[in-house]
Amino acid sequence: MSSTDAAGDGSTGDGRSRRNFLQLAAGVAAGTVVTGHTAEIGAAFEQVTDGDLEVVWLQGQSCTGCTISVLQGEYPSLEGVLGEFRMEVTFHPTIMAEAGEPAIAAMSDSPDVLVVEGSTPVDIPEAATVGRAADGSSKPMVDWVQELAPESEYVVAVGNCASFGGWPAAENRENLYGLGANVTGARGVQFEGREPPGVLGPDFTSGAGLPVVNLAGCPVHPDYVLLTLATVLNGHVPELDRYNRPKPFYEPLVHDNCALRGYFDRGEFAEKPGDDGCLYKVGCAGPYTRCDDQSRLWNDGTSVCLNVGAPCIGCMEPEFWDRFAPFDEELERQSFFGPFTAEQAGWAGIAAAGVGIGAHAVRKATGYGSVGMGDVDGEGDSTVGGEDGPAVDDGDGPTADDGNGGER
Ligand code: SF4
Ligand code: SF4
């Protein structure tokens, strides 16, 4: 990093105001931070276009959906600087102008920020390669990650695949095409599902002293990338939850801010996607998924999955795919409602409201936001999310806990 906010007041002495956009993002309305601070965010990215800072963006087992999500130009006021950023990132397989050897030659070997998109295969390294090694053979993604990450000031995993392994790491329960589970050995950069090591191991920290910053989602929300990159390009260190996701984005529980929540509390459930009602019975993973997209929304504040009749599929969480698939069936095996059925829980909420104790108390009594679901992961414990216990929601909205969601 060329300069930091030494004074801690957002200024750097060179006339630029450098903000911690992640701090600003906590608890504000959708788009407010981006639209209210476009000049400062633009200045952060201009450090890359000016050549002051270097960003390398690698893609492993990726569908490129995260790149598309980030660079589709959601904010017209930032289009110019993001357009330049695309051209000046020292390496990005999808969008850079160069190709072949010149592209590899242009790549920084000690980037300020290393961005990784897509999972990294370690059992079959040739399943994802970038350029060529010194001996002329295709160079596996895993080698690039292991070489560049220790030389980087920050390492940012973009999307669920890079954060936790995503669908390339799925169990493949149906054994499609006769393939077994995760045949390529797909991993996240520092996680495999809910735990390290991923590719880099549990003890890895980048030059800034941080583990890999995980920006989960399938795809990632563009604001998450935009504001996180702008923050670290400004030399600020993001505060992370137990899955190394920035807290301001991944603390709220989808279920607590869902527009369909009234249906849930009244016990009105859709029988199929698109029906009126809460989507829990058609597979909604909102009670187990943490992110702020119910208030932030997507496509410049237009809408979000649940608002258009699509159940939350848990794409912001570790073990997304296996943990929530099939995505259109009620998540029964985790006793979300304790001893109750979905209908009973909803009706209990109505009854509770009638006697003045409120649906929140019933949610607690029925196990909402807590574990109480037995050994669903087969690891002999009952807390699935790990040793530090469940993220018990006290019914007062998003909780400032360890970020492990309403565990499933
Ligand atoms: S997280 Fe989803 S959108 Fe992003 S690369 Fe993986 S599959 Fe594609
Ligand atoms: S279960 Fe899903 S659809 Fe129902 S209120 Fe919760 S998040 Fe919304």
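Residues numbered from 1 in each chain as written. Chains lettered and ligands numbered in written order. Predicted model: local features only at pLDDT ≥ 70, side-chain atom pairs only at ≥ 80, totals over all residues. Heavy atoms only, no water.

Chemist: Can you walk me through the site of ligand 2 in this structure?
Modeler: Near ligand 2 the following residues occur: His255, Cys258, Leu260, Arg261, Phe264, Cys278, Leu279, Tyr280, Cys284, Gly286, Pro287 and Leu306. Here ligand 2 occupies the largest cavity. (Near = heavy atom within 4 Å. 1 Å grid on protein atoms, 1.4 Å probe; cavity = no way out; pocket = protein on both sides within 12 Å on 5 of 7 lines; lining within 4 Å. Sits in = over half its atoms within 2 Å of the grid points.)

Chemist: What is the right way to look at the site of ligand 1 in this model?
Modeler: Neighbouring ligand 1 are Ser62, Cys63, Gly65, Cys66, Gly159, Asn160, Cys161, Trp167, Gly217, Cys218 and Pro219. For the shell around ligand 1, the secondary-structure elements that each account for two or more residues are helix 4 (65-71) and helix 8 (160-164). In terms of residue class, the shell around ligand 1 is built from six nonpolar, five polar and no charged. (Helix = DSSP H or I, 4+ residues; strand = E, 2+ residues; numbered from the N terminus. Nonpolar A, V, L, I, M, F, W, Y, C, P; charged D, E, K, R; others polar.)

Chemist: Would you mind going over the pairing of strand 1 (residues 55-59) with me for this structure?
Modeler: Looking along a regular strand, one sees the side chains alternate between the two faces of the sheet. Here strand 1 lies mainly inside the structure; five of its five residues are buried. Burial along strand 1 is two-sided: Val55, Trp57 and Gln59 and Val56 and Leu58, pointing in opposite directions, are all buried. The pairing of strand 1 with strand 2 (residues 113-117) spans five bridges and is classified as parallel. Bridging from a neighbouring strand, Val56 pairs with Leu114 of strand 2. (Buried < 20%, exposed > 50% of the residue type's maximum accessible area, 1.4 Å probe, protein only. Pairing = 2+ DSSP bridges.)

Chemist: What's the story with the sheet that holds strand 2 in this structure? I'm lost.
Modeler: The pairing of strands in a sheet happens through backbone hydrogen bonds and is either parallel or antiparallel. Pairing within the open sheet is parallel, and its four strands lie in the order 1-2-6-8. Looking at strand neighbours, the two that pair on one side only are strand 1 and strand 8 (213-215), the edges of this open sheet. With direction set aside, neighbouring strand axes in the sheet form an average angle of 20°. (Axes fitted to C-alpha atoms, helices over the stretch in contact; angles between N-to-C directions.)

Chemist: Would you mind going over helix 9 (residues 222-233) with me for this structure?
Modeler: For helix 9, with twelve residues, the first-to-last C-alpha span of 16 Å sits near the 16 Å given by 1.5 Å per residue. Among the twelve residues in helix 9, twelve count as buried, and that is most of the element. Considered for burial, the residues of helix 9 that qualify are Pro222, Asp223, Tyr224, Val225, Leu226, Leu227, Thr228, Leu229, Ala230, Thr231, Val232 and Leu233. (Expected span 1.5 Å × (residues − 1).)

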